[in-house]
Amino acid sequence: TLVDKASNKVAVGEYLSEHIERQRQENRIGNAMTFVHSQTAMIRCFGSLDFYFIDIDTEFLKKLETWLRTKAHYSDNSIGIRFRSLRVLYNNAITDGLIKKTDYPFDTFKVSRFKEATAKRSLTKEDIRRIMDCEVRTLTKYPKPFLQLAKDLFLFSYLSCGINLTDILHIRYADIVDGRLVFNRQKTGKLLSFQLQPAALDILDKYRQPNAHPQDYVFPVLRRSVHITAQQQYGRVQRTNKRINRYLKLIGEHLHLPITLTTYVARHSFATVLKRSGVSTSIISESLGHSSEKITQIYLDSFENSQIDAAMQNLL
């Protein structure tokens, strides 16, 4: 690795590898993967990572952007993700004294412009009810247990504060206390606790195994004796997510829903339905386990616009 002993410099490649390793040790596998993707992109663009933070200037960033767009054919969202992780790394390097704040290139090179308007991702209460009533057994010639699981997981998420798939699959028997779900979010570690709706309890009951260990997972995807490391759990969840989204798409097409059905739609729909019922953004933010209301606002944006449009009709 490239370390300039005289000026206490550390090469970006070495610094990035250490960062990824630290994330892995803290079991933040998803986070580590984001940095791995940035690492790969930069190596493919520049040939190696044997350069210093001082070399990351506006010129450098523009070159990387052009490469991601024209050679890797990335969308704005994907480009934005790569640059945001690079910006995090740069900020860490400032904190560690590897580069001066005055050299910071992200004031002129704005990462915020890589935001594509997220397409509408939420459903109405009526749509949700149609999913509930959908007899998924009739959708395929032969019964597919995974199809039923996909529907159950989607509805469980919607009924349970829009809890995301990773968190759902990590629910253990011990996390269900007196009809409440009490657990720490995988992504942020934030503790969430809420009353389970009767329909959500019904779904859990369907999958409960008699004489299960309190540390066993309720849903039949992760197994305590098999998926031991965070990396194993992450891989299993990612593969399951792909499969479930494939089946959800099938359900959505069968019901002619206005948007492609994914596990993520449940989370957005939960937030939007609450918002339409007049619940404040701060409460929705709290229930989604977001670290800030700003993130929740992004979730609700497409809906806000339609509400403003409707309100404008009443001006005269």
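Refer to the structure presented above.
This write-up is about the structure you can find in this document. (Residues numbered from 1 in each chain as written. Predicted model: local features only at pLDDT ≥ 70, side-chain atom pairs only at ≥ 80, totals over all residues. Heavy atoms only, no water.)

### Things to note about the overall build of the protein chain
At step 1: When helices and strands are tallied, the protein chain shows twelve helices and five strands.
At step 2: With the C-alpha coordinates of the protein chain rotated into their principal frame, the extents come out at 65 × 65 × 40 Å.
At step 3: Split into buried and exposed, the 316 residues of the protein chain put 44% on the buried side.
At step 4: For the protein chain, long-range pairs separated by at least 24 residues make up 59% of all intrachain contacts whose partners lie at least 6 apart in sequence.
At step 5: Split by element, the accessible area of the protein chain, about 17,500 Å² in all, is 52% carbon and sulfur.
At step 6: Placing the 46 positive and 32 negative side-chain charges of the protein chain at their respective mean positions leaves the two points 5 Å apart. (Helix = DSSP H or I, 4+ residues; strand = E, 2+ residues; numbered from the N terminus. Buried < 20%, exposed > 50% of the residue type's maximum accessible area, 1.4 Å probe, protein only. Contact = heavy atoms within 4.5 Å. Areas by Shrake-Rupley, 256 points an atom, 1.4 Å probe, with all protein chains shown as cover. Lys, Arg positive; Asp, Glu negative; His and termini not counted. Charge placed at Lys NZ, Arg CZ, Asp CG, Glu CD.)

### Description of the pairing of strand β4 (residues 180-184)
At step 1: A one-sided burial pattern is seen for β4, the buried positions being L181 and F183 and the unburied ones R180, V182 and N184.
At step 2: Between the antiparallel neighbours strand β3 (residues 176-177) and β4 lie two residues, among them D178 with a positive phi of about 50°.
At step 3: In this sheet, strand β5 (residues 191-195) lies alongside β4 in antiparallel orientation, the contact comprising five bridges. Bridged to R180 within β5 is Q195.
At step 4: Hairpin connection of β4 to β5: six residues between the antiparallel strands, including G189 at a positive phi of 75°. (Pairing = 2+ DSSP bridges.)

### So, the sheet that holds β4
At step 1: Read across the open sheet, the three strands follow the order β3-β4-β5; overall the sheet is antiparallel. Of all strands in the sheet, those bounded by a partner on one side alone are β3 and β5.
At step 2: Note that β3 and β4 share two bridges and pair antiparallel. Residue pairing for β4: I176 is matched across the bridge by L181.

### A short note on the environment of L196
At step 1: Along the chain, L196 turns up in the loop between β5 and α8 (198-207).
At step 2: Between the C-alpha atoms of L196 and R82, which are 114 residues apart in sequence, the distance is 37 Å.
At step 3: Aside from chain neighbours lying at most four places away, what touches L196 is F156, S160, I176, G179, R180, L181, L201 and L204.

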